[in-house]
Amino acid sequence: MAAGKQKWSFVVAANRLPVRRVWEGDTAQWVPSPGGLVSALRPVMSGNPDAVWAGWTGVPGPGTEPFEVDGFQCHPVGVSQGELQLFYEGFSNATLWPLFHDALVPPEYHRTWWDAYRTVNQRYAATVADLAAPGATVWIHDYHLLLVPGLLRAARPDLRIGFFLHIPFPARELYIRLPWRAEIIDGLLGADLIGLQTPLGADNFCRAVNRITGAKTTGRVIQHNGRTSQAGAFPIGIDTDRIAGLAADPAVQARAAEIHETLGSPRTVLLGVDRLDYTKGIEVRLRAFRELLAEGRLSVDDCVLVQIAEPSRSQVTGYAEVRREVEQMVGDVNGNFGVMGRPVVHYLHQSQPIEELVAMYLIADIMLVTPLRDGMNLVAKEYVASRPDNTGVLVLSEFTGAAQELRTAELINPHDIESLKTAMEAAAHRTGADTVPAMRAMRRVVRSNTAQRWAERFLARLEACE
Ligand code: G6P
């Protein structure tokens, strides 16, 4: 069914639609995207005749006709080639992304980027204003759309508006560098409820609001311009049942055994799975691994590191550089420590289907999640959900949102290479049985805070907003 001129009582807006284009030969079709947000919203959106999702198809050009995939009603929002460069690659991913990730690469501030960001946000707000039925609930997602709540509130004061930020909200001292800091805070305060991944994120946001607007904040309730907004921590989860189901699937288990054999049946498999992004600390773990091999603390006779790096934002500053650095290190480790026909690092710069990732989680004795900064990190949770025998070690950066919940992981500071090396070496020498209590505790957390429960909790709080 096409969305047409119908009005909807539940509208989701995000930079990307919940679908991606897949080509088979000459024919293309839309398939549901993998990823946390789509899983989280499936129960409230798929098959719901009153719900629609507005977003970009991932292909530059004008917005196309609405369509339906897998029960999701999709309403495309057009983003031109020029806007792709200024709004998406520019302001979203070369200004906001680095600034909100502790300025790991220097954020760039360009007025032309900001103008395009405002234009695209206005288009989203106008689209949602047009789609929403009187009194509808709207849920806006992530850093691409920070102005939409305020623009929408001005056009449609009748709506209930929620916003969720999937990435960290930085410390106030960093946030206030942004030339458009006041406009963005005003944009966010158009929402009734502003969700962040962690309590620290929520506190950072309230401190920034306080400094910039002088608004009265009591706890996380903010009074500004005669309106009340609330901020809160809502750590996102994963579709635990789906991941656990795949881990129990005989075909996935057979694939896991096959991969293990292909790797030379090593005693210890270390695994990293990331988008190829400078926030993820991929080079940090490779450096630690190289030093452990050089010092004889790990041996190529029984260890293999598998690194999956999904291609990402290759046109954006910082990404090509981290790719060069990672690939140079992979070459360096294999060149110095590999054996003919048996590399010690297996590196794939390709995205992998979830079945293949779960097969890898099943054989990973040690999962390396070492970001310098990360809003949550769902890979850490997927690994935990894929370990039905309760074994395995998760080496987890303290600077991820996930570290707030997975307290029994091996928590490390990725800036402290010696602590990372110590954690990796200790993990490699542990037996499966040693790892059970910590893994069991993490599995309880991941089972109790699923993606679906996250959405339910956020929406229940949004409905309760005055
Ligand atoms: C992060 C962001 C998401 C984004 C994803 C992939 O997880 O929080 O909003 O969709 O990265 O990045 P991309 O630029 O490909 O959408």
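Residues numbered from 1 in each chain as written. Predicted model: local features only at pLDDT ≥ 70, side-chain atom pairs only at ≥ 80, totals over all residues. Heavy atoms only, no water.

Please clarify how the site of the ligand should be interpreted in this entry.
Lining the immediate environment of the ligand, one finds R16, Y88, D142, Y143, H144, H166, I167, R275 and R313. In this structure, an oxygen atom belonging to the ligand sits 2.5 Å away from a side-chain N or O atom of D142. In this structure, an oxygen atom belonging to the ligand sits 2.9 Å away from a side-chain N or O atom of R313. Protein chains bury 68% of the 380 Å² of accessible surface belonging to the ligand in isolation. (Near = heavy atom within 4 Å. Polar contact = N/O pair within 3.5 Å; in protein donor to acceptor, adjacent residues only side chain to side chain. Areas by Shrake-Rupley, 256 points an atom, 1.4 Å probe, with all protein chains shown as cover.)

Looking at this model, I keep getting lost on the pattern of salt bridges. Mind explaining?
Close approach of charged atoms lets side chains of opposite charge pair. Within the structure shown, the criterion is met by 28 salt bridges. Among the salt bridges present, the one from R290 reaches D332, with a minimum N-O distance of 3.0 Å. Of this pair, R290 sits in helix α10 (residues 282-294) while D332 is found in helix α11 (residues 319-337), placing the two residues 42 residues apart along the sequence. Given a relative accessible area of 24%, R290 falls into the partly exposed group. Taking relative accessible area as the criterion, D332 reaches 22% and is therefore assigned partly exposed. The salt bridge partner of E295 is R297, with a shortest N-O separation of 2.9 Å. A relative accessible area of 42% places E295 in the partly exposed class. (Salt bridge = Lys/Arg side-chain N within 4 Å of Asp/Glu carboxyl O. Helix = DSSP H or I, 4+ residues; strand = E, 2+ residues; numbered from the N terminus. Buried < 20%, exposed > 50% of the residue type's maximum accessible area, 1.4 Å probe, protein only.)

Which parts of the structure should I look at to understand helix α7 (residues 199-213)?
Each α-helix winds once per 3.6 residues, and so residues spaced three or four apart point in a common direction. Over its 15 residues, α7 runs 21 Å from end to end, which matches the ideal 21 Å to within 8%, given 1.5 Å per residue. When α7 is considered as a whole, its buried residues turn out to be G201, A202, N204, F205, C206, A208 and V209. Where α7 is buried, its residues contact α5 (172-175), α6 (181-188), β9 (193-196), β10 (216-218), β11 (221-224) and β12 (227-233). Directly after α7, the chain includes G214, whose backbone phi takes a positive value near 70 degrees. (Expected span 1.5 Å × (residues − 1). Contact = heavy atoms within 4.5 Å.)

Is there a simple way to think about the side chain of E283 in this case?
Topologically, E283 is positioned in helix α10. Nearest to the buried, unbridged E283 among oppositely charged side chains is R287, at 5.8 Å. Each residue touching E283, except ones within four places of it in the same chain, is listed here: V322, E325, V326, M329 and L372. (Lys, Arg positive; Asp, Glu negative; His and termini not counted.)

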